[in-house]
Structure formats: structure tokens, C-alpha cells
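Listed here are the chains, written in short residue letters.
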Amino acid sequence: MPYKRRLSTSEAGEDDQVDDKKKKKVDVHHQMQAILDFVKKFKKEDGGTLCENMLRLPNKRSEPGYYDTVENPIDITKIQQKLKAEEYSSMDDFKADFTMLINNNKGYYKKGTNEHRDAVELEILVNKTITAVSNGEELTAALGDKDDEEGITEYLEEFLGTLMTACDSAEPDRNLSTVFQLLPSKRRYPEYYKVTPEPIDMKMIATKIQNNKYTSIGEMEDDLQLMLRNATNFNEPGSQIYKDAKVLSKLVKSKKQELDASLLAKQNRGARSSRRQSRQVYSVQLVNLQYEDSESEIEDDDDDDVLPRDDPMWNLYHTVRNYTTPGGLEIAEAFLTLPSRRELPDYYQTISDPISLSQIKRKLKQAEYKDIAEVAKDLDKMFDNCKLYNRPDSKLYKDGVKLQRIMKNKLDELEEDMEVSSIPEEVKKSPKDPKEQMRKRLKTLYTTILTYTNADNIQPIGVFMEKPDRKTYPDYYDIISEPIDMKMINEKIMTNMYRSEEEMLSDCKLMFSNCRLYNEEGSDIYEDANILEKVLLAKAKEMGVITDKLKKRQKGQRIKTLYDTLKDYRDAKGRQLSLIFLKLPSKHEYPDYYDIIKRPIDMEKISVKIRNLAYDTLEDAIADFTLVFDNACKYNEPDSQIYKDAQTLQRLAHQTVRHLTEDEGTPDARTAVQDILSNIYHTIFTAQDSDERCYADSFAELAEHDEVGGKKVRALSMEIIKRRVDRGLYRRLDLLQRDVFFVLGRARKLSRADSQTFEDAVELQKIFIKARDQYGERGARIVSKAYDYTLQKLEEEVAAQKASKTNEPTNAEEDTENLNESGAKDWSGMVDTSNKSQFHVGEFVYVMPEDDAMLPHIYHVERLFEKEGAKTIWARQFFRQRETFHVPTRTFYEKEVMQGDIHTAIPITKVIGKCFVMAYKDYIKYKPDGFDEKDIYVCEWRYTSKIRNWKKIKPSSFWDTPPHITIIQRDKPLEPKKVASVFKDRIEKHKEEVEEIEALEKVVEEDVPPNVKWSEGIDESLTYWEQFTIPGPITVRRGDHVLVRGEGNRNMIAQIDTMWTGADGMAYFNGPWFVVPAELPPQIEKKYYKAEAFLSTISDSNPLLSVVGRCLVQDVKDYCSFRPTQYNEADVYVCESLYDEAKRILRPLVNGLKKYTRSDKVCLDEIYNFRTPLQPEKEALSAPAPPPRANIPSPMLDLNEDSMEAPPSVGSVESASPAPKKKPDRKKLVTAYILFAADVRRSTMDDNPGYKFGEISKIVAERWRQVSDADKQMYAERAKRYNEEKEKEELRKEEERKKQAELAARNPPPASSPVLNTNPASPAAGMRVRTDSGTRNDPLFHVVPPKPQRLLHSEAYIKYIEGLSKESKTMCNWDKQLAATNQIVRVSDESKLPTSWLSGVGEHNTSTEALWALRDFMMHEALGVVKIM
């Protein structure tokens, strides 16, 4: 500004002396202008202007309280105006206005707000500038020019921001810079400062940036590299900090090179503008960080003796600080300082207002507490923070609870001594009564609409103060059922009847709704109600109580309910399943977990996010819960207890979500049925006895294959059924019951009647029946024939089976031990007389492998015997890693083996040595004396080879050490590491086996039901069916609704009334059609159900091979009550109307849909009954979408969506005989311009909001003219390809139609009623006939009516575009049209005129004159167009 430049000492004259300048007369007005300019331009540390919030006064509507608090409002703009008007006579007056402005802002805005901080900083700046100007100093030189500093600073900030935002590539949520932001605590890490001569952290670097200490980017790089070198020198090479420092060091080098190049380019351009990327000032954030050893966190113990002990506030503090347990422990030590930001950064994310005893002590010293209530409040906050962050079972949590109780007791004691009755209420409650606070907030909302004034200075609330008078407006109370007025709302506020702001808003909305209901739309009072409601909602939104907050609170409550349900869930034995998922595994004990799981999360982290309202939707929360359980399933084996618990909780989570959201739409019956089936199956799959033994584990001894026809076939197992259930393949209860009972029956069949396997199979079958009755509610929820099998029937079967097994010989495989005892005698274990080779029961031995390249097998000796002179051991095999089948992610200890299920007799000659196997907890601390380390193994899993089942060995189930082996302690505990699996070798070996199992898991075998004949057919030459199966297989029955393939691959809905096969074996059906809203004439105001269909009056006969699937159409009562379980909800329709194809109108369906009675041989549906009947609502369809089942091919762009050709009606007639030739339809060719317009029209509309269709079209046409020839050629090629593909599709459809016509001609359909011709040879029977529902027997047309020739929308559009011009707003020249008369326009050939329109010339002389008269009549009467002369 010129004023600022005139003040420059350099421009005032370089030769002048300082004393002369002070004596020189000063222009005060210029000085004030210079100060104002400097202040207005001054920038804060974050880059924003300091005076930005003070340039203008706050808005009276948004902040009315400002003008109640501030008596003399003023802003920077007002000061500028006064300065221009030369109203300031001295610098004191100018300063007084600034002081008033600053005091206004400091008085209105609370401490800690940005506005208050800006006012304080402005006060300092104004004083400095006035002092500098008074001393004759240049402001830029005295106070600095921030614009000059930004050149290098923005690069330094970007450099710092790169480190602040650097994250771990493996864990994107982990920030790498956290531990480098602050130096370690001197109290916790004194050795760091001994080995580090130049300690530095990111806060110190940020401080140097703020103070402009860096003159180049290289200087900052040196400091950063020094910081990272310090970290690598102090920490171990394998530690996480060491690795992070190395990563950041590389990042610093690369970023420095990038910034140097960017700075050089900027200097070469000579640009002074800031960089293009947005700038965030990270240095301010770092500078504000506090060190752990800061003054606020250091307690001065030296002055404890001089502190006042008789003060109640200090007395309460010392009671907490010096409390000692009976054992002599001071548990308050942990509360003296806040947790380390380096070690526990998540503490400060969880706790919004941290506080410690040291901070409370400092506030006591500085007399910041008014009374003991405030001290107690801070202590309560400290203990509540402790309980919020720590686990309830942790020692710190319990100490916090204990100290809080001590504090409360001491507080009560002090209050009695003080004899102050008001203190307990202030301490136990907040200093302000919550009811009073609520009343004030409600009063604020009430006052907002009470005092609102419109533009005409009128308060529209007057008519709402009291209800209308009953005598004057008696009909008001007939129309309005709940009258309410402002007076009633005010009384409810004053009497504290409202529990929340939402309740008051609801009453206000009711008041305005009543007004709109009674008064006419558009009236003044109607509009006043709308305006007041908007004002109220705007104020509510400003206060934070708008409806979005209520919705978020409800969502938060739902998420909390979900969390509590999962956390508190217990199984039948009272075991809380969620305990293992509350905290992540220890990195020390399970380091491989974090190698396999890339996104670790536990339920406690989810709990913190719930408390912080971090979840916007229920779906976000369920995604995190699913991640928890998926991680558990990924790390653990499928048959481990953790895996099963994760599966159970995951199912429970999804079921809970469905229950919480079931009121948000139509319930999905199929999903609900699968939940029930899943619950039933997992009840038996996880069932355990009193010893926590899983019943299903006993089936591991059964053979995996059955012999069928001399071939081995893999038998169905419980594990295969489980995977089918998890995939959701079962849709019917009877099918699940069939497969489960097959597996259990097979187990009983292959086992002895007195065996454990037999008893477990019977027990599981009983559990299944009980679970089926429980979850299916004994047929009330699922109607199924599965309930026919009862416990009584099971007992009868078991009794008969036991009786048949009484005389069975003992199976050699099931009693191998007894077989080995036959003819055998005990053996002492001594191999030779020298007693140097002695074997004992309980030892582990090496056995010679089958292949020399393999490692020796490991066996556990259980018995020693001698048979026919051969010394033999009976032993259990322990498997090495390579001998098991496991998931690819599984890891093993280097010397780990698994206890197996195979027992065998081994000749002593095959034993080649001894070894020893120990439990993991013993293995790391102890070892057997006399064994080499290579012969000592560790074991913690039991492996069942037949079903590849893994199960953790319980501590009580490990084997005992033989007495002759001594266990000694290791010199140093082992830290065994886990190694990766050799899964690839195993998968190749079991490839065929895996493929066989996967094939069984992917499909549920369903027996194809037999075809059932129907004896009530009317044509004896045809065979009628009640149930029939077509290839697919698709089984249909009389009364079923099916999807029939139509033209354009569009599926249509039909019902099967009759089915038959002719002499050639081809199958047909006859029945009515159903139409959907999309197939009806457009009715904008008509409302439909979400999935509605209408019974057509036309029936039709079609080949059964045209059926592509099944669907369901129900009347309203059935639709609201139940669903057959095999249908998807998307394939279910509701019907309550009949569509008359002849009159094209809808009529009520009086008697409902036809009901069909089927014989016992026909398969019945399983029914799922809703708990509460549905209440579907109708919706207005402005543009009904095509039915969901329509399989319409979707090219890259649907260019015919605006075609004026009507879709083929469901009621149209198609002749099976050759149709008469007709002119080929005009091909709807797509042009290059149409493709271009489809690409750019949407963006053009977005760029030009409010433009009309014609204006948009002009812009599109203009853009097309500007397109280059190369681009036009590209669009032309696209159009050509599209037209060729479309032509091929039309040819394919035509061939398909011909095949269908030939197929229908070979076998005629029968008559559907005695009235119709039943002779299959008659011409009428050879047609594809649709009959009206009993009222019309003749076809509507003898031949297919000619297709009307219509102008395509696309063609009309092209003509419209071509006719547009910049000079005219319309395509037609109306002036020319209106000026045309019979005298002006001459017709050259009257024979070409459409004289066929006229029956005669009437009173006119010629047909030409008659046509001109007709034209004038239509222009005037029909179009209302007339030319005014």
C-alpha cells in the first residue's frame, strides 16, 4: 500500500540521520493506515490471516448471543471506515477502538477457542506495531514479513509432513514417526542420554522450523538423519524402532532430493506463489506436544511438608496420594503422571481429557480450584479415565476403583466437618443441575421461533400461541386428533416434562403439521408453518440436536447391543466364548500370528471405537467383528476349539444384526431358514459330554470310504456336512436331517453296540431331534415332514439295531489289542543278557522308515509282549510335520511332532533308537537326562489322520514320564521358533483326495422326484402329469409358477394349470400368464407393491422346455404370512388384481388365486412362517423398472431406451403356422452422433444446471461440430461395431423363434376346457393360443395384426438437432406456417394430396379447398394456434 511505502525509512531519504527523522513531523493518519494494513495482512502460524474472524461482526441470526453480551460491537471493517473518514484525531483513539474490538472478542468467546486466541495474539501485535511506528521503525523490519519466510518454510513443512504421515506398508494403521516425535523420558531411559551425545527429536526440529533457524533443506536433513542415527545406535538391530529408523532414513534421502529439484525449478521460474499442493503445518502440532518430564508431570515431593494440611482440598488430595494398602504398597504411584505418549499412544486416542495427580497438585498450588467439589470432580475424572482404558480384571483398574472409593468416603467425612449441605449435590452431580441445563436448551429452541421476525417485520408465531376457539372453528377438532399450541409446549418445558430435545421437536413438528393439515396449501398461515419449522430445525442443527444426532445415537445403541450380545454369549456349559477374542495374542508367545495376520484386531479395540462413536453404520461394526473371527479361523485349524468358537460367534453376529434390522424391510425367509439349519447342525457338531469330550470326535476311527460295486467311494462325514452348512447349500430341513442321520446311522452300523462310537451316534441323533424341535419351534416356524421322525422312532430303531448286533462276531479291527494278546505273553523289554538294550513302557523310540530317504518314525511304547518267540512292542505313532495334512498357513516348531491315532505292533528288530517327546511348557525349561538335543521333541497337538482333525492336548492328558528317566532343568530356557509349513509337498500327494472332498462339499445331492401322473385330464390321447421333471433338473407341479423364456431373453411369469406329453414325448403346459407393472400402460399416479404381479385374462400353451426356473406368486394374505423355503425373496410376487387384456384395465381379484390340491406322491414345499405378519406398502412408480427376473442383455450403452416402440404385450398372439410375409422393420441404426451425445450429455447437464432440454441439445450439437475428424471417425467405428453386433443378435433371435414355431407345430396342445376344440389335428389347436378366463373362446385376431409404423425417437431427435440454429429458439418456422394460405401456396399435383381423409368436399369447390379448411380448423381448434393480424 502507498501508506506503508511512504513510511519506509529507506524511501524517506538514506542520507537523513536518525535524530533528524525523530524530529521530523510525523503524519499520524499514515501511521494508523500502515498499522491497519500490516495487521490485516499478518498471518498466523497455520498460514491463515490473524484478523480473518474479526473483519466483520457475527451474523445476528447465527449468533444472537453476541449482541446480548457485547454492548459496543465493532469490527476491522468499521475501523477501516472511520480511518478513511478521518474520524481519528490521535493514535490513542485508534488504539482505543482496537482495544474495544479485542475485549469484545475476549469477553464473548471462551478461553481455548480459536477466536479467543486470535484476540489475544492481536492485542500483542497491535501494541508492538504501535510501539514500532512510534519509534519510527519500519514494520516489516521490526516484526518480520511472513511472505518472505514462506519460500523455504513451505518446503520444510512438506519435508516434515512426509515423516509425520509415513506408515508401515504391512500395517497401514501404524504410523512410523510416533516414537521419534518426543525424546525418551530421562527418568525411564537415563542410559539413552549417556550413549547419545546429541539427542534430538521431531519436536525440536519443528521448533527450529517455527523459529526460522533452517536456511536450507540440507540442514533439516542433517538433523533428521542425526535423530534416526541416534535411534539405530541405541536400539537393537532386530527391534522395531531400528527397522522403522532405517525405513525413514531412506525416505528422508529420497524426499530431500525431490524437494531440492522442486525448489531449484521454482527459483529458475522466479515464482513467489506457494506450491500447488495443500499445505498442512505439522510443526505447530509437534511444538505443542509435552514431554513426559514436563513441569506439569513432575511432582515436587520436597515441599510436601510445607503444604497446608488443614485445608479440606489439600486434605482430600493427600488422602488419595498417600494411601497405603495393608501390605505397605502406595498404589497411587501409577496415577502421579500420565502414561507415556511413546509407549501408549492409543491412550490419548481413547481418553479425550487426561489428567494426573501431579496436574491436580499443580492446580491446587495455583489456587485454581474454588471449592472441594472441583477437586473431587478432577479426581473422579482421573479414576474414570483409568477404568475406561484398562481392563476390568487388571490390577490398575482395581486400584483405581479402590482409590475412588477411598476418595468418596473421605469426601463425605470432610463435608460433615464443613457442615455444608449444598456440597454433596454439587459433588455427586455436576456443578449445574442437568434438568436446569435441559430446560435452558429447550427454552433456547422455544425462543428461536417465538421471537422470529420475517422480512416484513412480522412475528408469524402469533397464530400458534393458542389453539383455535371451538365455537369459531368446531371442524378443527374433527380434523385434528392431537391439537397442540405454543402455550402447551412452554408449560411442558417449565415443568420438565421433556426428557430430550427430540421430544420437544416432535411436539413442534406436530403443531406445524396440524396447521398444514387444516389450512389450504399456499395460504399465508400454511407458509408461515413451513418457515417456522425450517427456522426451528436450523437452530436445532446448530445446537447439535437435529435428527441426524438421534439416528447416530440409535445406531450407536444398536452397535453396543451387538457388542454386548457377542461378549456375554455363553454356550450350554456356561463357557464365555468371547474371552479369547478380547485381547490379541502376545507377540512374544505367538510371533508367527503377526506374520500370518496382516490386520490384527480384537474386541477391546472395537469397544474403544464404539465408545468414541467411530462407527457410522452397523455394517462398519459387523465388518470389524467379522475380521476378528476371520483372523481366528485363518490362524487356527478348522477343528480347534478357537476355530469353532469363532464360527459360532460369527453366526451369532450376523443373526443379531438381522434381528436388529428386521424392521427395515421384508425379511429374507431363505436366510432365516439357513440360520435355523446352521444353529441346529452346529449344536450337534460342537456337543460335548461332561468331560468336555466332543461327541463327533469318536467318528474319527471310522473308515473314510465305503465299498460300492467293488469300488471305494468316499462316505459322507460330519465335516463335509458342516462345510455344506457354512456354504448355505441346504434349503430344506428334511435334507439336512437326511444327511445327518445317514452319517450317524453309518456310524452305528460300523460299530459294535457296546462301543463308544455307537453310543455317541445315538446321543448326537437325540441332540439333533431336540435342537430341530427347539429352533423349528415344533413346526410353528418351519413346516416340514422332518418332524415325522421322533425320539420314540429313534429308540425303536436303536433297540432293533442292538438286537441284531448281539450275535455279531467281534471285529478284528475294533479290538486289535485283544487280538494281539491272543497267544502272546508279557516281555520284560530286555533285548540281550548284557542288559545294555532295555525297553520300557512309556518310552519313545525311532522305527525304521519304509523309505531310506525318510526320517525315522516316532512311536510311544504302550505295551511290551512276545508272541511265537518274536519280541514286539505295541505303540502309538507320533507324526512329523510332513506326515500330516494341514492348512498352508500353519506353522510348526522346528522339533514339533503330533500325537497320532494309529496304534500298531512293531517287531523289536525295526526299532533303531530312542528319543523323547515333551509338552511345550516342559520342553522350554527342562530336558531328559542322557538324551542328545537332536532326540528331544516338543508336542502340543493331537492329530487324527483319518479325518485330518487337529486338537490341542489338554494339560491333564499328557503322558507320564517313565520312572527310570530323570528330568533336569536347562541351563537357559529355550525360545523355540516356528517354521513355515511344507504344505506344497503334501497337497500334491493328496491332490485327488482334496478334489474328491471339494466335490462333495459344493453340492447337496437331491433325489430327482418321480413323475406323477394326473388322472383328471380331458384328452385321452395325451398323458397328463401332476408332477414332472425337465432337464436341469427342474421339477414342476400343477399350480407352480414358472419363468418362461421370452423374446429378447426376457423371462415372463406363467402358472402351470395342466401338463401333458404327446405321442412324440414332448412335454407342454397350459396356464394363465402374469404381468408386472412395467408391462402395463404407464400410470404415473398408480401405486404398486414393491414386487407385484397381476393375473392376466389370457392363458397360453408352451413347451415345458421353455421353462427356465421357478418363482412364486402369492395372494396378499399368504404373502404377508409365510414363504416356501426354496425361493429367493427376489423371485416372490404378491397378486391382488386381475388384468383384463381386452379392455387393458385392472380389476380386483375377488376370489383370490386358484388353490390346487395335490396327491400324496407329489413333493411338498417346506414353509417358513413369519413371526409377525408383514405390512407391505404400495409405492408410486413414476417410471416402473423392468422386473428383476428379466434377463436383458446389457451392452456398453443402451441406446434404444428412448425408443417409442412399445414392448411386446404379454397378451399378444403368436401363430405357430407360417405368418404372412410383411415388410421388414426399419433397422434402428445407431449413429456416431448418438454415441457422442450419450457420452457428453450428462456432463453438459452438470456443467449447465437449470438449462432446458433444447438448450442442452444446442450445446451438445455445437460441441459435436467442434469435434475433430479423427474423433468423429472413432465414434463412427464404434457405431458400426454396435450395429453389427445388434444385427447378429437379431439373426440369432429369429432362428430361435423359428425353432420354437417348428417345435410347437409338431405336437399340438390340448384344449384347456370342454368348450374348446379338443382335436389335436385341428388348425386352431396348432396355434399358440391364449384363452380368456372362460369368457372368450375365439382368438382376438385371426392373424397377427400388422405392426404399426412409428417414428423412432432417435430419428426424430436427429431431425430435431439438424433443424436447430443459433438464430431461432424453435425448429419450425411458425411465421411461414401461419402466413401460408390457399392463395399463396400452389399445389402442382392434386392427385398426391391425401383426399382419402375426406368423405366428400362438402360445401367446398375442390378437395384442395376442403383440406385447407381442415388445416385451418385443426390449427385453431386442436392446437389453439391463431395468427393475430
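The structure under discussion appears in the preceding block.
One structure accompanies this document, and this report is about it. Here the structure is a predicted model, which is why all the values come from computation and not from measurement. As a convention, each chain's residues are numbered from 1 in the sequence order in which they are written. Whole-chain, interface and lining totals are the exception, using all residues; otherwise, since this is a predicted model, local features are given only for residues with pLDDT of at least 70 and side-chain atom pairs are given and counted only at 80 or more. With hydrogens and water stripped out, all remaining heavy atoms of the structure feed into the side-chain values.

**Side note on the packing of aromatic side chains**
- Each Phe, Tyr or Trp ring, with Trp reduced to its six-membered ring, pairs with another whose centre is within 6.5 Å; inter-plane angles below 30 degrees give stacked pairs, above 60 give edge-to-face pairs, and intermediate values give tilted ones. Summed over all chains, the structure comprises 38 aromatic pairs.
- Centre to centre, the rings of Y593 and Y635 are 5.1 Å apart; their planes meet at 70°, and the pair counts as edge-to-face. Placement of the pair is Y593 in helix α28 (residues 593–596) and Y635 in helix α30 (residues 618–635), with a sequence separation of 42 residues.
- Residue class for Y635 comes out buried when judged on its relative accessible area of 14%.
- Centroid distance F741 to Y789: 4.9 Å. Interplanar angle 55°. Geometry classified as tilted. Residue F741 is found in helix α34 (residues 733–750), and its partner Y789 is found in the loop between β3 (782–783) and α36 (791–805); the two are separated by 48 residues along the sequence.
- Using a relative accessible area of 11% as the deciding quantity, one classes Y789 as buried. Numbering of helices and strands runs from the N terminus; a helix is a DSSP stretch of H or I covering at least four residues, while a strand is a stretch of E covering at least two. Think of it in three bands: residues with accessible area under 20% of the maximum for their type are buried, residues over 50% are exposed, and the middle band is partly exposed, with areas taken using a 1.4 Å probe on protein chains only.

**A word on the pairing of strand β10 (residues 911–919)**
- In terms of strand pairing, strand β5 (residues 844–847) meets β10 through four bridges, oriented antiparallel. Looking across to β10, one finds that Y846 is bridged to G913.
- For two strands to pair, DSSP has to find at least two bridges joining them. As paired strands, β10 and strand β12 (residues 936–939) are joined by four bridges and run parallel to one another. Note that in β12 the partner of A919 across the bridge is C939.

**Comments concerning the sheet that holds strand β31 (residues 1167–1169)**
- Strand order in the open sheet made by the three strands is β3-β31-β27, with antiparallel pairing throughout. What marks the edges here is a single partner per strand, and that holds for β3 and β27 (1122–1124).
- Bridge count between β3 and β31: two bridges; the pairing is antiparallel. Its bridge partner being in β31, V783 is matched across the sheet by I1167.
- Sheet strands touched by helix α32 (residues 669–685): β3, β27 and β31. Its angle to β31, the strand with the most contacts, is close to 95°. Throughout, a contact is declared for two residues whenever any of their heavy atoms are within 4.5 Å. Under this scheme, a helix contributes an axis fitted over its contacting stretch, all axes are lines through C-alpha atoms, and angles between N-to-C directions fall in the 0 to 180 degree range.

**Overview of the nonpolar core**
- Residues Y681, I721, L736 and V740 are the most contacted members of the largest nonpolar core, which totals 53 residues.
- Every element with two or more residues in this core is listed here: α32, α33 (718–727), α34, α35 (756–775), α36, α41 (1116–1121) and β28 (1132–1135).
- With nine residues, α32 is the largest single contributor of residues to this core.
- Beyond its immediate stretch of four places on either side in the chain, I721 contacts Y681, L716, Y730, L736, D739, V740 and V743. Among buried residues, the Ala, Val, Leu, Ile, Met, Phe, Trp, Tyr and Cys ones that are joined through side-chain atoms within 4.5 Å form a nonpolar core.

**Notes on the pattern of salt bridges**
- A pair is scored as a salt bridge if a Lys or Arg side-chain nitrogen falls within 4 Å of a carboxyl oxygen belonging to Asp or Glu. In total, this model carries 53 salt bridges according to the counting rule given.
- Put simply, K363 and D378 hold a salt bridge, and the shortest N to O gap is 2.9 Å. Highlighted residues: K363 in helix α17 (residues 357–365) and D378 in helix α18 (residues 372–389), separated in sequence by 15 residues.
- Given a relative accessible area of 6%, D378 falls into the buried group.
- Residues K1155 and D1115 are paired through a salt bridge, measuring 3.4 Å at the closest nitrogen-oxygen approach. In this pair, K1155 sits in the loop between β30 (1145–1148) and β31 while D1115 sits in strand β26 (residues 1107–1115), placing the two residues 40 residues apart along the sequence.

**Here we look at the environment of D475**
- Assignment of secondary structure puts D475 in the loop between α21 (434–450) and α22 (476–479).
- With 43 residues separating them along the chain, D475 and Y518 place their C-alpha atoms 9.2 Å apart.

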